[in-house]
Amino acid sequence: MDSITWLRPEFKGREDELVNLAAGADLVGVTRSAVSNWAKRHANFPRIALLTGIGDRRMKYVPRDEFIAFALTQLNKKRTPARKPASRRPTTRLRADEIAHSERQIARLIELEARQATALANTRQALRKHRERLKRARRGLAAEVDAVHRLEHTEETSRADPTAPADGDVAG
């Protein structure tokens, strides 16, 4: 059973003169939240005449004529902005500022490009140096490996033929 609470008993029997807040919002073309804000912010919002339902399903009804009068007053108010709007800059000023900004960016990027070109040149030089060191190290390693192989070959040969002169021995 729905709970009914009359807050303005003079409207008993005149329920057709009442409108619930959601229907009132639709009636005047605003959102439900706009009506809710009006009710919270304005002391002169129409007083609730009837409450129906229980808990969060309660519906609030106000006199339709009072609601429409209040809504029209709100909708016809001349709105003042919360803060004074900034004066608009002329298009020529906007373009001049845009050009100045672009020129600053280009100068910054040119300087960055020069620094990066220097860094790239230094990197390439270091890369060439280390590649050359790598080549020398590989040649040195190959020479040492070759010398070890020759030495092993010579030792194997002298073990196989004891009469053959060893490297550094003079046959005589």
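Residues numbered from 1 in each chain as written. Predicted model: local features only at pLDDT ≥ 70, side-chain atom pairs only at ≥ 80, totals over all residues. Heavy atoms only, no water.

Thoughts on the pattern of salt bridges
Under the convention used in this document: Salt bridges are counted wherever a side-chain nitrogen of Lys or Arg sits within 4 Å of a carboxyl oxygen of Asp or Glu. Burial classification: accessible surface area is computed with a 1.4 Å probe over protein chains only, and a residue below 20% of its type maximum counts as buried, one above 50% as exposed, and the rest as partly exposed.
Counted by the stated rule, this structure contains eight salt bridges. When the shortest N-O distance is used, the salt bridge between Glu 17 and Arg 14 registers 2.9 Å. Across the pair Asp 97 and Arg 89 runs a salt bridge whose closest N-O atoms are separated by 2.5 Å. The partly exposed category is assigned to Arg 89, whose relative accessible area is 46%. Counted as one network, the salt bridges with shared partners bring together Arg 8, Glu 10 and Glu 66.

Here's the deal with a positive patch on the surface
Put simply, the rule reads: In this analysis, a patch consists of residues with relative accessible area above 30% that form no salt bridge, clustered at 9 Å for like charges and at 5 Å for the nonpolar side chains Val, Leu, Ile, Met, Phe, Trp and Tyr. All accessible-area figures derive from a Shrake-Rupley calculation using a 1.4 Å probe, and residue coverage is judged against the displayed protein chains alone. Lys and Arg are tallied as positive, Asp and Glu as negative. Neither His nor the chain termini are counted. We put the charge of a Lys on NZ, of an Arg on CZ, of an Asp on CG and of a Glu on CD. Put simply, DSSP marks the helices as runs of H or I at least four residues long and the strands as runs of E at least two long, and each gets a number from the N terminus on.
A cluster of like positive charges, contributed by Lys 129, Arg 131, Arg 133, Lys 135, Arg 136 and Arg 139, occupies part of the molecular surface. Tracing the backbone shows Arg 136 in helix 4 (residues 91–160). Under the relative-accessibility criterion, Arg 136 is labelled partly exposed at 46%.

Observations concerning the environment of Thr 154
Among the secondary structure elements, Thr 154 is positioned in helix 4. Each C-alpha atom, one on Thr 154 and one on Ala 25, is 109 Å from the other, the two residues being 129 residues apart in sequence.

Observations regarding the side chain of Asn 20
As a reminder of what qualifies: We call two N or O atoms a polar contact when they sit within 3.5 Å, provided that within protein one can donate a hydrogen and the other can accept it, with sequence-adjacent residues counted only if both atoms are side-chain atoms. Throughout, a residue-residue contact means that at least one pair of heavy atoms, one from each residue, lies within 4.5 Å.
Counting through the fold element by element, Asn 20 comes out in strand 2 (residues 18–20). A distance of 3.1 Å separates a polar side-chain atom of Asn 20 from the backbone nitrogen of Ala 22. Here the side chain of Asn 20 touches Ala 23 through a polar contact of 2.7 Å, landing on its backbone nitrogen. Filtering out sequence-adjacent residues up to four positions away, Asn 20 remains in contact with Met 59, Lys 60 and Tyr 61.

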